[in-house]
Amino acid sequence: LFDTPLLLCRNQGLQPEQRFAKRALDLFVSSLGILVMSPFMLIIALCIYAYDRGPVLFKQERLTLGGRVFTLYKFRSMCVDAEKQLHKFAAMNERDGPVFKIANDPRVTRVGRFIRRTCIDELPQLLNILKGDMGIVGPRPALPNEVAAYTPHQMLRLQATPGLTCYWQIRKDDNTTFAEWVEMDLQYIQDQSFMVDLKIIFATFRIVFTGKGAC
């Protein structure tokens, strides 16, 4: 009424058998991914180290279901002191809302540009999935400082376990606003099921292998 919602109806969460099926899928896909990709991941790790002798992994605090903090792993794609340099490029942010992103971030290394373009930098998150901090499919895990700027509506993103991929990853384009991103995540929370996850996983493989990644 006059742009004010009077009634909110939303999914009350997965049933126990659905949670079991989702977790089983997460364990199967992440274990298989680590097994198949481990030789390639070792090569990438050696390339990152050889480039500047810095750490291979980038570790960062993120929030999972219910706002619990966990440590997210990525292959390091930026210079070693990238986070200390963030304030220098704050004015170059190309995203609205609390998210920071620059298309041609000067902090990204040459190796980093390749692994970002091919989504390889995300592979260490398979370990996060094995640990149970993430799932294969779910809203991308947010930074604590981003969540601090969320509206009550945007806080609903924390009602699902974060994932490696979701609707936003397979539909994203450069014109996606933060509000649209949030709405896609909330739509996933409404839709989530074993079959929906399978469809998103297959769609993710397709866009990565065709070079139309949404990483």
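In the block above lies the structure referred to throughout.
This structure is a prediction, so every number in the text was calculated from the model and none was measured.

Draft legend 1. Structural view of the packing of helix α1 (residues 16-52) against helix α7 (residues 194-209). Interhelical geometry of α1 versus α7 gives an angle of 25° and a closest axis separation of 9 Å. Classified by the interaxial angle, the pair formed by α1 and α7 is roughly parallel. Of the two elements, α1 crosses α7, and the hand of that crossing is right-handed. Contact with α1, carried on its side by Ala21, Lys22, Leu25 and Val29, involves Phe194, Asp197, Leu198 and Ile201 of α7 and no other residues of that element. Classifying every residue of the contact of α1 with α7 gives 6 nonpolar, no polar and 2 charged.

Draft legend 2. Representation of the environment of arginine 68 within the structure. Mapping arginine 68 onto the fold places it in the loop between β1 (57-63) and β2 (69-75). The class of arginine 68 is partly exposed, set by a relative accessible area of 44%. As for arginine 68 and leucine 158, which are separated by 90 residues in sequence, their C-alpha atoms are 9.2 Å apart. Those residues in contact with arginine 68 that lie beyond four places of it in its chain are Arg62, Leu63, Gly132 and Asp133. A polar contact of 3.3 Å, which involves the side chain of arginine 68, links it to the side chain of aspartate 133.

Draft legend 3. Summary view of the layout of surface pockets. For the second largest pocket, the calculated volume is near 790 Å³. Every residue lining the second largest pocket is counted, 28 residues in all, and those nearest its centre are Leu123, Leu164, Thr204, Phe205 and Val208. When the residues that make up the lining of the second largest pocket are grouped by side-chain class, the tally is 22 nonpolar, 5 polar and 1 charged.

Rules and cut-offs
- Residues numbered from 1 in each chain as written.
- Predicted model: local features only at pLDDT ≥ 70, side-chain atom pairs only at ≥ 80, totals over all residues.
- Heavy atoms only, no water.
- Axes fitted to C-alpha atoms, helices over the stretch in contact; angles between N-to-C directions.
- Helix = DSSP H or I, 4+ residues; strand = E, 2+ residues; numbered from the N terminus.
- Parallel < 35°, antiparallel > 145°, perpendicular 65-115°, else oblique.
- Left-handed = near helix turned anticlockwise from the far one by under 90°.
- Contact = heavy atoms within 4.5 Å.
- Nonpolar A, V, L, I, M, F, W, Y, C, P; charged D, E, K, R; others polar.
- Buried < 20%, exposed > 50% of the residue type's maximum accessible area, 1.4 Å probe, protein only.
- Polar contact = N/O pair within 3.5 Å; in protein donor to acceptor, adjacent residues only side chain to side chain.
- 1 Å grid on protein atoms, 1.4 Å probe; cavity = no way out; pocket = protein on both sides within 12 Å on 5 of 7 lines; lining within 4 Å.
- Points joined across faces, edges and corners; volume = space filled by probe spheres on them.

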